[in-house]
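Read off the chains here:
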Amino acid sequence: MARGNGVWFVWPAVGLLGLVTVFPVLHVFYLSLQRRLPIFQISRFVGAENYLFLLEDDRFWNALRNTAYFTAVSVAGELFLGLGLALLLNRSFRLKGPVRAAVLLPWAIPTVVSARMWEWMYHTDLGLFNALLGAKINWLGSPFWALHAAILMDLWKTAPFAAILLFAGLKMIPPELLQAARVDGAGEWAVFRRITLPLLRPAILVVLLFRALDAFRVFDALYVLTGGGPANATETLSIYAYKVLFQTLQFGYGSALAAIVFLGTGMMALVFVWALRRARV
Amino acid sequence: MIRRMGLRLLLAGMVLYCLAPFLWQVLTSLKTEAELGRVFPLWPERPTLANYAALFSVQPFWRILLNSLGVAGATTALASVLGASCAFGLSKLEIRGRGLILGFVLSVSMFPPISTISPLFLVIRALGLRDTWWALILTYTTFSLPLAIWVLTHFIDQVPDEILKAARVDGCTPWQTFTRIVLPLAAPGVFTTAILVFIAAWSEFLFALTFTATPASRTVPVAIALFSGRHEVPWGEIAAASIVATVPLLLLVFAFQKRIVEGLTAGALKG
């Protein structure tokens, strides 16, 4: 330790975090108890009215369903695909650097760019997918396909992040352990199932935590790819909240939706942190 | 031998899967209007830079690129400095509630941006910062701080305490110790943090969409998202813009993949 008080080094960052993240979140809850239309200078306290309205709002339940489905399917897919990629990266081969960089590229590409790239590949008449499949699927125009097309895109964009974390987790497993199991006659599958997977559990939980929180608040990917359409089939909570806030300018109700996103994220985070604690003990 | 071939095939498949959408966008950006109207042949028969020329001539795209560079650059500098100073305080100085502060930083990193956007919008409008770089720099810096603090604490923890003790004996104040000893020794960590922060700031969309209104502060992702032609969607120009937006990140990734991997895992697996 260098002697000296750390407060002066720490407070600028912590203060900024309080001002620009904690204060707004508290303010969101305050706004969510109001009826607030900034263009008409309307602002009055309405208590839980916005939350009661939520319960009867079909569009909210639809958005919640979409968000939950998107989160569950894409995160599960990312975990499997990420694990596959991580196992591949963990083998010995030449050109490690460039291969790793190639895997990182989807992660690094801006989500907006990725959405427009996939939008073009999904194009019904001029898209790469339909041309290769010889089909005429209306990927982004049919409610069933649109949500799954979005999941497929998200899988491509975010599985590399999962792969990198799992790859790091794999490298932390002592090779002697795997070697010993093989000497004892365990097959590759048994080694993977009985040794690799259990030791990888903390890394898997971290991946699930990060990805689930990210997927639950998904905005850019779907907003640019489909705008929430067709017929709200891909509208997530964040997109609905954004539209209520900035297209219909209902700051009270929009803030209530935003508060729900916060509470949902918080609950998921608590569950994962609890699971992580247990996995580490 | 067969196993070796199998591994190579799988690796090639993986690389193709990761690169293909981007490569398709590169090919698209080089095609003429007529070639965009049919999928085959996949490659442009007469590669042209017309889409790039159109992008830079019709749109205020130079200005938008400058906005993105300015905002991401300033964010990177601010977040690195504030993050490093905070990490130094937490890691090497006396501070009460160290665990509490780290826990606070970690929980803040999970806050969904959408849950902060309505109050931030009202504040930014009230301060007259709407459609300025500052609106974005302020929010981006704050939202990158948790990652910066987390990664930098990991790196600064590794600076040996003996060196700091020696510095104190030689009469260095904490600030001098920070700027003259810790920063140079933790430079690789600061650099890694800077790359991660730059990539995030360059790509951010939700705040940029909300806080910018005109090319005065509009950033590249917003421009690409709002791209629309008078009659039909200009796919060639969108592709060109996508490539321009991705090239800086592509270079960073290929030059510094090792550091990025290290930073991502230091940020995630230590928590």
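Refer to the structure printed above.
Here goes a summary of the coordinates provided. (Residues numbered from 1 in each chain as written. Chains lettered and ligands numbered in written order. Predicted model: local features only at pLDDT ≥ 70, side-chain atom pairs only at ≥ 80, totals over all residues. Heavy atoms only, no water.)

1. Remarks on the overall build of chain A
Here comes step 1: When you go through chain A residue by residue, the secondary structure sums to twelve helices and two strands.
Here comes step 2: The order of α-helices and β-strands along chain A, N terminus first, is α-β-β-α-α-α-α-α-α-α-α-α-α-α.
Here comes step 3: Based on the C-alpha atoms only, the size of chain A along its principal axes is roughly 75 × 70 × 30 Å.
Here comes step 4: With 281 residues in all, chain A has 57% of them scored as buried.
Here comes step 5: Counting contacts in chain A only where the partners sit at least 6 residues apart, residues at least 24 apart contribute 66% of the total.
Here comes step 6: Put simply, chain A shows about 12500 Å² of open surface, and 66% of that area lies on carbon and sulfur atoms. (Helix = DSSP H or I, 4+ residues; strand = E, 2+ residues; numbered from the N terminus. Buried < 20%, exposed > 50% of the residue type's maximum accessible area, 1.4 Å probe, protein only. Contact = heavy atoms within 4.5 Å. Areas by Shrake-Rupley, 256 points an atom, 1.4 Å probe, with all protein chains shown as cover.)

2. A word on the interface of chain A and chain B
Here comes step 1: Between chain A and chain B, the contact holds 93 residues from the first and 97 residues from the second.
Here comes step 2: Taking both sides of the interface into account, the surface hidden between chain A and chain B amounts to around 8500 Å²; carbon and sulfur atoms contribute 79%.
Here comes step 3: There are zero salt bridges connecting chain A and chain B.
Here comes step 4: In this assembly, chain A and chain B are joined by 13 residue pairs in polar contact (both at pLDDT 80 or more).
Here comes step 5: By residue number, the principal contributor to the side of chain A that touches chain B is helix α1 (residues 7–31) of chain A, which donates 18 residues. (Buried area = accessible area lost by both parts, 1.4 Å probe. Salt bridge = Lys/Arg side-chain N within 4 Å of Asp/Glu carboxyl O. Polar contact = N/O pair within 3.5 Å; in protein donor to acceptor, adjacent residues only side chain to side chain.)

3. Brief notes about the packing of aromatic side chains
Here comes step 1: Enumeration according to the criterion identifies 36 aromatic pairs over all chains in this entry.
Here comes step 2: Relative to F178 of chain B, the ring of F9 of chain A has its centre 5.6 Å away and its plane inclined at 70°; by these criteria the two rings are edge-to-face. Here F9 of chain A, found in helix α1, pairs with F178 of chain B, found in helix α9 (residues 174–185), and the two come from separate chains.
Here comes step 3: Residue classification places F9 of chain A among the buried residues on the basis of a relative accessible area of 7%.
Here comes step 4: In this structure F178 of chain B comes out as buried when scored by relative accessible area, which is 3%. (Phe/Tyr/Trp six-rings, centres within 6.5 Å; stacked < 30°, edge-to-face > 60°.)

4. Description of the pairing of strand β1 (residues 34–37) of chain A
Residues and elements named next belong to chain A.
Here comes step 1: The sheet contact formed by β1 and strand β2 (residues 42–45) spans four bridges and is antiparallel. Each residue of the ladder has a partner; that of R35, found in β2, is R44.
Here comes step 2: In this structure, the hairpin formed by β1 and β2 is closed by a connection of four residues, where Q41 is found at a positive phi of approximately 55°. (Pairing = 2+ DSSP bridges.)

5. Considerations on the nonpolar core
Here comes step 1: In terms of nonpolar packing, the biggest core is built from 169 residues, with W107 and L166 of chain A together with F205, F211 and I260 of chain B touching the most fellow members.
Here comes step 2: In this structure W107 of chain A touches K157, P160 and F161 of chain A together with L196, I199, I260 and L264 of chain B, once residues within four positions along its chain are discounted.
Here comes step 3: Counting residues in each nonpolar core, the second largest holds 15 residues, with L152, I156, L164 and F178 of chain B among its members. (Core = buried A, V, L, I, M, F, W, Y, C linked by side-chain atoms within 4.5 Å.)

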